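# Examination of the molecular architecture
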Amino acid sequence: IITDTHIGATNSNQRIMNAHADMWQELFKLAKENDINHIIHGGDFFDNRQSLQIKTLKHIQDVFIPLMKENSDIQMHIILGNHDILYRNR
């Protein structure tokens, strides 16, 4: 179980995006090493509910999605957090 990755934090700062890339690599490595085939993300996958920067989306396209494809035997379930939904009250 992981939570609060806040992808795109601090205006998609490159240093933080690099740390996220390392975190995803390590997460899938540890899952494989420990025969974990389900990951639950408890919310706040993204940092900003009102807009996603192109840089953030590119990170998902270039880093996260390829890792999901490479590790297709591991399922990830993402629960929406308050930073993941556009309108807090709907």
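Our subject is the structure that appears above.
Rules used throughout
Residues numbered from 1 in each chain as written. Predicted model: local features only at pLDDT ≥ 70, side-chain atom pairs only at ≥ 80, totals over all residues. Heavy atoms only, no water. Salt bridge = Lys/Arg side-chain N within 4 Å of Asp/Glu carboxyl O. Helix = DSSP H or I, 4+ residues; strand = E, 2+ residues; numbered from the N terminus. Buried < 20%, exposed > 50% of the residue type's maximum accessible area, 1.4 Å probe, protein only. Phe/Tyr/Trp six-rings, centres within 6.5 Å; stacked < 30°, edge-to-face > 60°.

On to the pattern of salt bridges, then. Evaluation of the coordinates by the stated rule reveals three salt bridges. Close ionic contact of glutamate 33 with lysine 29 constitutes a salt bridge, the shortest N to O distance being 3.9 Å. Remark: lysine 29 and glutamate 33 occur in helix α2 (residues 14-33); sequence separation between them is four residues, near one turn of the helix. According to the relative accessible area criterion, lysine 29 is partly exposed, its value standing at 43%. Put simply, aspartate 73 and lysine 32 hold a salt bridge, and the shortest N to O gap is 3.0 Å. One end of the pair, aspartate 73, is in the loop between α3 (54-70) and β2 (75-78); the other, lysine 32, is in helix α2, with 41 residues separating them in the sequence. Accessibility expressed as a relative area gives 40% for lysine 32, which makes it partly exposed.

Our next topic: the packing of aromatic side chains. Under the defined criterion, the tally for this structure stands at four aromatic pairs. Judged by centre distance (5.7 Å) and plane angle (35°), the rings of tryptophan 24 and phenylalanine 45 are tilted. Placement of the pair is tryptophan 24 in helix α2 and phenylalanine 45 in the loop between β1 (38-41) and α3, with a sequence separation of 21 residues. Residue tryptophan 24 shares its accessibility class with phenylalanine 45, and that shared class is buried. Among the aromatic side chains, those forming a connected cluster through ring pairs are Trp24, Phe45, Phe46 and Phe64.

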